[in-house]
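# Secondary and tertiary structure notes
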Amino acid sequence: MAKVLQMADASNLVTELRRNFDAGITRGYEWRVTQLKKLLVICDKHEPEIVSALHDDLGKPELESSVYEVALLRNSIKLALKQLKDWMAPDKAKTSLTTFPASAKIVSEPLGVVLVISAWNYPFMLSIDPVIGAISAGNAVVLKPSELAPASSSLLAKLLEQYLDPCALRVVEGDVTETTLLLEQKWDKIFYTGSSRIGRIIMTAAAKHLTPVSLELGGKSPVVIDSDTNLKITVRRIISGKWGCNNGQACISPDYILTTKEYAPKVIDALKQELEALYGNNPMESKDMSRIVNLNHFDRLTKMLEEKEVSDKIVYGGQKNRENLKISPTLLLDVPLDSMIMSEEIFGPLLPILTLNNLEECFDVIHSRPKPLAAYLFTKNHKLKERFTKKVSAGGIVVNDTAVHFTLSTLPFGGVGESGIGSYHGKFSFDAFSHKKSVLFKSFLGDSAIRYPPYSRGKLRLLKALVNSNLVDTFKVLLGLS
């Protein structure tokens with residue numbers, strides 16, 4: 001099933017899958033359940049291999065791999081198995097006087113043959129989670145894992161080939177060449193997770209065929225810290241969402257902190273104290289922190305740190321080891337707003353802290369930038385919580401924690417504006433890969449002459465009353481009172 005694509009293969013691959021989809025292979029409930037159960041077997045039987053691959057690619061600690069990738073996938077699959085019949089069931093829709101007598105429903109039908117292009121930072125979660133939605137909705141799927149996580153890509157290809165139905169589910173490994181060949185094909189949906197730069201390329205390619213897209217991107221997710229907070233818990237939860245989530249290499253990782261000039265010293269001291277408590281005096285030697293994915297990303301982060309007017313803003317950390325792809329947790333204070341570190345998504349262990357005269361200024365800073373994938377607020381102030389959730393536009397907002405909204409299947413996960421298009425997780429994943437088809441059943445009874453020519457003022461009055469579903473006016477017209 002998994003192969004490196006050649007020039008002519010991409011078209012043949014899509015043609016074959018479309019033929020199988022048109023034959024109805026993927027549409028039945030039993031087929032969908034069978035594939036989901038096999039994904040569950042992969043999680044249950046091959047967790048050690050998955051953990052090992054993630055360590056090879058990213059140096060991920062076992063806890064992060066087992067919990068944030070395998071366990072979350074297991075929950076996602078179990079939810080789909082439990083709820084699939086309800087998700088597939090048509091929803092009844094109301095009718096009106098205009099269509100009487102009639103009945104209506106909304107049918108969820110699969111889109112067809114879909115392409116899932118996943119990311120390197122959570123290579124199993126971000127590959128299989130969209131595939132769960134695509135399978136649940138009854139689609140044929142091609143998965144393109146990221147070449148930047150080669151051990152995970154190879155294992156994904158091996159396991160999906162071993163367990164899933166090759167008539168409708170394929171994996172294509174490779175790099176830019178293979179991805180470009182895939183993007184030249186006509187798909188019924190493209191689901192991409194990654195950077196906004198590549199997201200624009202995906203969207204441009206999709207536009208040629210008017211293919212719908214889901215783009216799970218990222219952005220600079222702010223953390224606002226009010227002085228009215230539990231500071232110890234606040235900084236521990238920021239650390240967990242930043243360095244405890246793949247060493248900052250996560251799309252919803254806290255990107256920068258906003259707090260007041262008066263409160264910033266306390267925030268910095270608390271962060272230093274908790275970072276040392278959690279990762280030791282030499283975090284470069286910690287086994288509980290992932291490494292940087294590759295030299296390109298290491299050099300990109302180094303360039304951010306060494307930029308003029310930024311390098312002297314480091315107040316904690318800043319150690320680097322290029323050979324081991326390690327950068328220590330690094331705090332920076334009041335870097336220039338036009339610096340590289342404040343212009344691009346950081347996606348690493350660097351955390352700028354910007355100070356404000358008063359906390360209200362946080363809204364101006366956030367609004368001056370593209371809408372982020374996530375926004376975080378730490379406060380006990382109820383009015384500030386309400387104001388923040390109303391005034392800040394982001395893919396998701398979390399108050400008094402970071403990143404945990406990703407784990408809730410009851411919340412749609414996705415961006416807004418430049419941080420993404422569309423959402424998924426739980427039922428939202430099923431909907432992301434479904435077309436909501438409107439179906440109206442009309443009786444041959446009650447075929448009124450008022451809808452047909454020749455038209456008259458009386459027909460006009462009656463039709464207007466019917467279209468407006470106004471029973472009183474309808475009876476007035478019928479009784480000649482209007």
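Residues numbered from 1 in each chain as written. Predicted model: local features only at pLDDT ≥ 70, side-chain atom pairs only at ≥ 80, totals over all residues. Heavy atoms only, no water.

### Section: the packing of helix H3 (residues 47–58) against helix H4 (residues 62–88)
Under the convention used in this document: Note on definitions: angles span 0 to 180 degrees between N-to-C directions of axes, and those axes are lines fitted to C-alpha atoms, for helices only across the stretch in contact. Numbering of helices and strands runs from the N terminus; a helix is a DSSP stretch of H or I covering at least four residues, while a strand is a stretch of E covering at least two. For classification purposes, angles smaller than 35 degrees are called roughly parallel, those larger than 145 roughly antiparallel, those between 65 and 115 roughly perpendicular, and all remaining angles oblique. Handedness of a crossing follows from how the near helix is turned relative to the far one, being left-handed for an anticlockwise turn of less than a right angle and right-handed for a clockwise one. Two residues form a contact once any of their heavy atoms are found within 4.5 Å.
Following both chains from N to C, one finds H3 and H4 inclined at 130°, their axes separated by 9 Å at the closest point. In terms of orientation, H3 lies oblique with respect to H4. Classified by chirality, the crossing of H4 by H3 is right-handed. Counting all contacts with H3, which are made through Glu47, Ile50, Val51 and Leu54, the residues of H4 involved are Glu62, Ser65, Ser66, Glu69, Val70 and Arg74.

### Some remarks on the environment of Met342
Applied cut-off: Summary of the burial criterion: residues with accessible area below 20% of their type's maximum are buried, those above 50% are exposed, and those between are partly exposed, where the area comes from a 1.4 Å probe applied to protein chains only.
Here Met342 lies in helix H12 (residues 340–343). Classification of Met342 by relative accessible area gives buried; the value is 0%. Residues Met342 and Ile450 lie 108 residues apart in sequence; the distance between their C-alpha atoms is 65 Å. The residues touching Met342, leaving out its near neighbours within four places in the chain, are Lys220, Tyr256, Val335, Pro336, Leu337, Pro352, Leu354 and Arg369.

### Thoughts on the sheet that holds strand E3 (residues 102–110)
Cut-off, in case you're wondering: Paired strands, in this sense, are two strands between which DSSP finds at least two bridges.
The strand order across the open sheet built from 3 strands is E2-E3-E21, with neighbouring strands paired in antiparallel fashion. Strands with a single pairing partner mark the edges of an open sheet, and in this sheet they are strand E2 (91–93) and strand E21 (434–442). Pairs of neighbouring strands in the sheet enclose a mean axial angle of 30°, with direction left out of account.

### Brief notes about the environment of Ile117
Assignment of secondary structure puts Ile117 in strand E4 (residues 113–117). With a relative accessible area of 6%, Ile117 lands in the buried category. Along the chain, Ile117 and Gly24 lie 93 residues apart, while their C-alpha atoms are 24 Å from each other. With residues up to four places along the chain from it excluded, the contact list for Ile117 reads Lys144, Thr179, Leu183, Ile190, Phe191, Tyr192, Thr193 and Ile202.

### Observations concerning unusual backbone geometry
Cis peptide bonds are those with omega within 30 degrees of zero, and the linkage from Phe100 to Pro101 qualifies with -5°. Here the bond from Pro453 into Pro454 is cis, since omega is 0°, no more than 30 degrees from zero. Residue placement: Pro454 occurs in the loop between E21 and helix H16 (457–467). At Asn247, a residue that is not glycine, the phi angle is positive and equals roughly 55°. Examined against the element boundaries, Asn247 turns out to sit in the loop between helix H9 (231–242) and strand E10 (254–260). Looking at Asn247, the relative accessible area reads 1%, which means it is buried. A positive phi angle, near 55°, is found at Leu325, a position not held by glycine.

### Focus: the environment of Val467
Relative to the elements of secondary structure, Val467 occurs in helix H16. Measuring from C-alpha to C-alpha, the distance between Val467 and Thr98 comes to 5.6 Å, with 369 residues separating the pair along the chain.

### Description of the pairing of E3
With 3 bridges connecting them, E2 and E3 associate as antiparallel partners. If you follow Lys92 over to E3, its bridge partner there is Lys105. Sheet analysis places E3 next to E21, joined by 9 bridges and oriented antiparallel. Along E21, the bridge assignment pairs Ile106 with Ser438.

### Things to note about helix H7 (residues 176–183)
Structurally, the α-helix is built with 3.6 residues per turn, so residues lying three or four positions apart point the same way. The criterion, for reference: Between N or O atoms, a polar contact is any pair within 3.5 Å; within protein, one atom must be a potential hydrogen donor and the other a potential acceptor, and residues adjacent in sequence are included only when both atoms are from side chains.
Where H7 is concerned, the buried positions are Glu178, Thr179, Leu181, Leu182 and Leu183. Among the residues of H7, the N-terminal cap falls to Asp175, whose side-chain oxygen and the backbone nitrogen of Thr177 are separated by 3.1 Å.

### A short note on the nonpolar core
In a soluble, globular protein the nonpolar side chains are often hidden away together inside. The line we're drawing: In these notes, a set of buried Ala, Val, Leu, Ile, Met, Phe, Trp, Tyr and Cys residues joined through side-chain atoms within 4.5 Å is what counts as a nonpolar core.
Leu36, Leu39, Phe124, Ile190 and Ile252 are the most contacted members of the largest nonpolar core, which totals 101 residues. At 8 residues, the largest contribution of residues to this core is made by H4. Leave out the neighbours within four places in its chain, and Ile252 touches Ser221, Leu373, Ala374, Tyr376, Ala403, His405, Phe406 and Phe413. Counting 31 residues, the second largest nonpolar core, distinct from the first, contains Met304, Leu332, Val335 and Ile341.

### Here we look at the state of the cysteines
To be explicit about the condition: For this text, the term disulfide refers to a pair of cysteine sulfurs within 2.5 Å.
Here the structure, examined in full by the defined rule, presents 0 disulfides. Between Cys251, a free cysteine, and Cys245, which holds the nearest cysteine sulfur, the sulfur-to-sulfur gap is 9.7 Å.

### Comments concerning the sheet that holds strand E11 (residues 314–316)
An order of E11-E14-E15-E10-E9-E16-E17 is seen for the 7 strands of this open sheet, with the pairing classed as mixed. Edge strands, defined here as strands with exactly one partner in the open sheet, are E11 and strand E17 (396–399). The average angle at which neighbouring strand axes cross in this sheet is 25°, direction not considered. Pairing analysis gives 4 bridges linking E10 to strand E15 (residues 350–356), with the strands arranged parallel. Counterpart to Leu258 in the pairing with E15 is Leu354. Here helix H10 (residues 264–279) sits on the sheet and contacts strand E9 (221–225), E10, E11, strand E14 (330–333) and E15; the angle it forms with E11, its principal contact strand, is near 50°.

### Re the packing of aromatic side chains
Stated precisely, the cut-off is as follows: Pairing of aromatic rings covers Phe, Tyr and Trp, the last through its six-membered ring, and needs centres within 6.5 Å; plane angles under 30 degrees mean stacked, over 60 mean edge-to-face, and all others mean tilted. Only lysine NZ and arginine CZ atoms are considered, and such an atom sits over a ring when it is within 6 Å of the ring centre and within 35 degrees of the ring normal.
One pass over the structure, following the stated rule, counts 7 aromatic pairs. Aromatic side chains Trp87 and Phe430 sit 5.7 Å apart centroid to centroid with 45° between the ring planes, which places their arrangement in the tilted category. A residue pair is termed long-range when its members are at least 10 positions apart, and Trp87 in helix H4 and Phe430 in helix H15 (residues 427–432) qualify at 343 residues. Grouping residues by exposure puts Trp87 and Phe430 together as buried. The rings of Phe191, Phe406, Phe413, Tyr424 and Phe433 are connected pair by pair, giving a single aromatic cluster. Here the guanidinium or amino end of Lys60 rests over the ring plane of Tyr122, the centre of that ring lying 3.5 Å away.

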